[in-house]
Amino acid sequence: MSEMITADLVDLDLSADSKEAAARALAERMVALGRVTDLDGFLADVAAREAQMPTGLDGGIGIPHCRSEHVTEPTLAFGRSAAGIDFGAADGPADLIFLIAAPAGADDAHLTILSSLARQLMNAEFTDALRAAADADAAAALIRGEEPDGTGGVPEGIEDSVDSVAVPAAASAGAATGIATGSPDVGPEEGPQNGSEEGPRNGPDDGPAERGRPFRVVAVTSCPTGIAHTYMAAESLEKAGREAGVEVVVETQGSAGFTRLDPAVIEAADGVIFAHDVPVRDKDRFAGKPTVDTGVKAAINRPGELIDEVRGKAARGEVTAAGAAGAAGTDGASGTTPVERGGKPGEGYGTKLRVWLMSGVSYMVPFVAAGGLLIALGFAIGGYEINKAPSVMDHFVWSQADSWAALLFQVGGVAFAFLVPVLAGYIAYGMADRPGLVPGFVGGSIALTVNAGFLGGLAAGLISGAVVMAIQRVRIPAALRGIMPVVVIPLISSAVVGFLMFVVIGKPIASAQKAMTDWLSGLSGANAVLLGALLGLMMCFDLGGPVNKVAYAFATAGIAVADPSDSAMKIMAAVMAAGMVPPLAMALATTVRGKLFNAAERENGKAAWVLGASFISEGAIPFAAADPLRVIPSSMVGGALTGALSMAFGATLRAPHGGIFVVPLIGNPLLYLVAIAAGVCVTTALVIVLKGLRKPAPGAVAQGPGGTDPSAPSPEAKQPVAA
């Protein structure tokens, strides 16, 4: 096995002026040693990770990193910049840059060594020694945890600070067996008396002061890649714990897997800190304790504040609901759910509301897609009279196509019947986690009963989540906490939501739903064309983001009934057509004027053909990320034209997804394809013209063998999801 870092992977005079250039300069050293096989592909993976969360850290450190299929073995490259490079840290540019490359299937031993380095970056002596290193050999030896040879320029007295880089981090193992890493000189049942002034821990027994021991915290850290931030956050929390006289035990849920904390350690803890940007695994273990839930960088940059916050919650007796891991804390503000974070600290109510609504929509869309396609196939096989067929339980003939058509139609209808309850249930889930599911589903079902439709489902979900969050604010005696999530919360919240939906708001919402349906049914002429243009603009504004999803949810809501109106099917057709325009246009543009795009963009253009044809708007994201001021406006113009033409041509669609693969199910299919082609051509022309007004993309003219460009930067790569 090769050394993870050698002198050839060190640049002590890094001259790059941007984080992209820095990553490229260090990655080129990896390519030269055969550690990376595809420079552009690897840089695209680095950019994708960087887009998830900036990798700059306070203290002048930048740690761009990723897992990539283009990496042959775990590798670390180090660069030192005299001028500093902006990696998004709050305190300014970074002068120490570590590019960490891990293979997609890296083994645990390698990843543990990388994680140990991440922890060591929290050590000021270590970083100071790197700034003082006089040559590449000394810097590489220092990072490997070796004593530098000769007069490498590394100051004396830092041997102890570098030894831990070469060995796996001990904190995780200690945490698993109950060793409090935040207080290394103190056993789990004894310790200094500082911190004993804190208020009582929640529970039937006495607080830490009365038991004569320090305050105890268990923490979980995780990040999308699971290599750097996960372990740096753990080290930062442990260090802050030692300074505050608090025992901190951290479970790092990193790429190398994780070892669960001993249940006895969790039981003995007085508070919990979740510092994560991906869902915490097995979160139920920590329920019923004062909890602070935040992003992983908060634990790196302000660990002391997090410890103070959880101590304050413990003093006030604020805990999560037992058995409802991940529920919002008793203050209802800092919790997250397994769906999505319900708003980071400082975010406004509007942002949180969008996240809650999108969590419901994301769970509803698969039901829409499955049910809609089944119903559309039923119509395609059996004709539009198939909705009058008897139940297949009473009449089904294996050899008759009509029987199979009726089966598809009726199964699709059953799937559609879940739409409103699922929407309401998972909006409540996004707000209050699992305790919100029962009242959410009950409220959504009542919305169907009173004919309040999707508007009723939205209201039921928000009300259910709010009711559960209000119940969780109430301080409950310890003896009752065990029955709260399974009896008390479902009972009270369902009763309150049922009363409100049946007696108070159900009828007004049903009237509003009927008025909206009647308005859609009456759309014709110029009004319909304008609506199609507006929906087209929304579909292309953020390419799969919240605005795109609002337009898509509006369209699917119209067809999510047994017998949708003609206007609703026209809206669905216009939305799907407009969503196909951006990726298809980018694919066409890279084909007809490839010199305006770099090598990575031309490669993305090939994939965009398939993504666009499949109605996956996200296929255009790499182009929009690299050049938003030209790509997004051009896409919006083309999308608006396609949406307007689709409505003008009277194209209809019963299926909520499928792209060109459901063209046989479309009303006026030829004119529908004309509308898509028109929008694609307009967007392509605008992109080419706008890009032609500036210099060609870096490296776009001087191509290497086979049309490749070895020096072109790669735009952000994003995993496509259904539009």
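Residues numbered from 1 in each chain as written. Predicted model: local features only at pLDDT ≥ 70, side-chain atom pairs only at ≥ 80, totals over all residues. Heavy atoms only, no water.

Considerations on the packing of helix H21 (residues 566–592) against helix H24 (residues 628–649)
Under the convention used in this document: An axis is simply a line fitted to the C-alpha atoms; with a helix, the fit covers only the stretch in contact. Between two such axes, the angle follows the N-to-C directions and lies from 0 to 180 degrees. Only DSSP runs of H or I with at least four residues qualify as helices, and only runs of E with at least two residues qualify as strands; both kinds are numbered from the N terminus onward. Helix crossings get a hand from a simple test, with the near helix turned counterclockwise from the far one by less than a right angle marking a left-handed crossing and a clockwise turn marking a right-handed one. Two residues form a contact once any of their heavy atoms are found within 4.5 Å.
At a closest axis distance of 8 Å, the pairing of H21 and H24 adopts a crossing angle of 145°. Crossing handedness for the pair H21 and H24: right-handed. Judged by residue contacts, Lys570, Ile571, Ala573, Ala574, Ala577, Ala578, Val581, Pro582 and Met586 of H21 engage Val631, Ser635, Gly638, Gly639, Thr642, Gly643, Ser646 and Met647 from H24.

Details of helix H4 (residues 124–132)
Here is the rule: Exposure classes here rest on a 1.4 Å probe applied to the protein chains alone. A residue is buried below 20% of its type maximum, exposed above 50%, and partly exposed in between. This arc is built from the directions going out from the helix axis to the C-beta atoms.
Every buried residue of H4 is listed here: Phe126, Thr127, Ala129 and Leu130. Take H4 and look down its axis: the buried residues cluster within an arc of 155°, on one side only.

Section: the pairing of strand S9 (residues 271–276)
Each regular strand displays side chains that alternate between the two surfaces of the sheet. In plain terms, the rule: For two strands to pair, DSSP has to find at least two bridges joining them.
Within S9, six of the six residues are buried, leaving the element largely enclosed by the surrounding structure. Here S9 shows a buried face lined by Gly271, Ile273 and Ala275 and a second buried face lined by Val272, Phe274 and His276. As judged from the six bridges shared by strand S7 (residues 216–222) and S9, these two strands associate in the parallel manner. Opposite serine 222, over in S9, you have histidine 276 as the bridge partner. Of the pairings in the sheet, the one linking S9 to strand S10 (residues 291–294) comprises four bridges and is parallel in character. What sits directly across from isoleucine 273, in S10, is valine 292.

Overview of the sheet that holds S10
Pairing is parallel in the open sheet, where four strands are placed in the order S8-S7-S9-S10. Where the open sheet ends on each side, the last strands, each with one partner, are strand S8 (247–252) and S10. Neighbour-to-neighbour, the strand axes of this sheet turn through a mean angle of 15°, independent of strand direction.

A closer look at the packing of helix H15 (residues 419–432) against helix H16 (residues 437–449)
Viewed as axis vectors pointing N to C, H15 and H16 meet at an angle of 150°, and their least axial separation amounts to 7 Å. The handedness of the crossing between H15 and H16 is right-handed. Here Val420, Pro421, Val422, Ala424, Gly425, Tyr426, Ala428 and Tyr429 of H15 lie close against H16, whose contacting residues are Leu437, Gly440, Phe441, Gly444, Ser445, Ala447 and Leu448.

Considering the nonpolar core
Side chains of nonpolar character tend, in soluble globular proteins, to be buried together. What counts, and what does not: Grouping buried Ala, Val, Leu, Ile, Met, Phe, Trp, Tyr and Cys residues that are joined through side-chain atoms within 4.5 Å yields what is termed a nonpolar core.
Counting 87 residues, the largest nonpolar core has Val575, Met576, Leu653 and Tyr672 as the members making the most contacts within it. The leading source of residues in this core is H21, at 16 residues. Contact partners of leucine 653, with chain neighbours within four places excluded, come to Ile559, Met569, Met572, Ala573, Met576, Val662 and Ile666.

Some words on the pattern of salt bridges
Test applied: We define a salt bridge as a contact between a side-chain nitrogen of Lys or Arg and a carboxyl oxygen of Asp or Glu at a distance within 4 Å.
Summed over all chains, the structure comprises 16 salt bridges. A salt bridge links aspartate 627 to arginine 630; the nearest nitrogen and oxygen atoms lie 3.0 Å apart. With relative accessibility at 8%, the residue aspartate 627 sits in the buried group.

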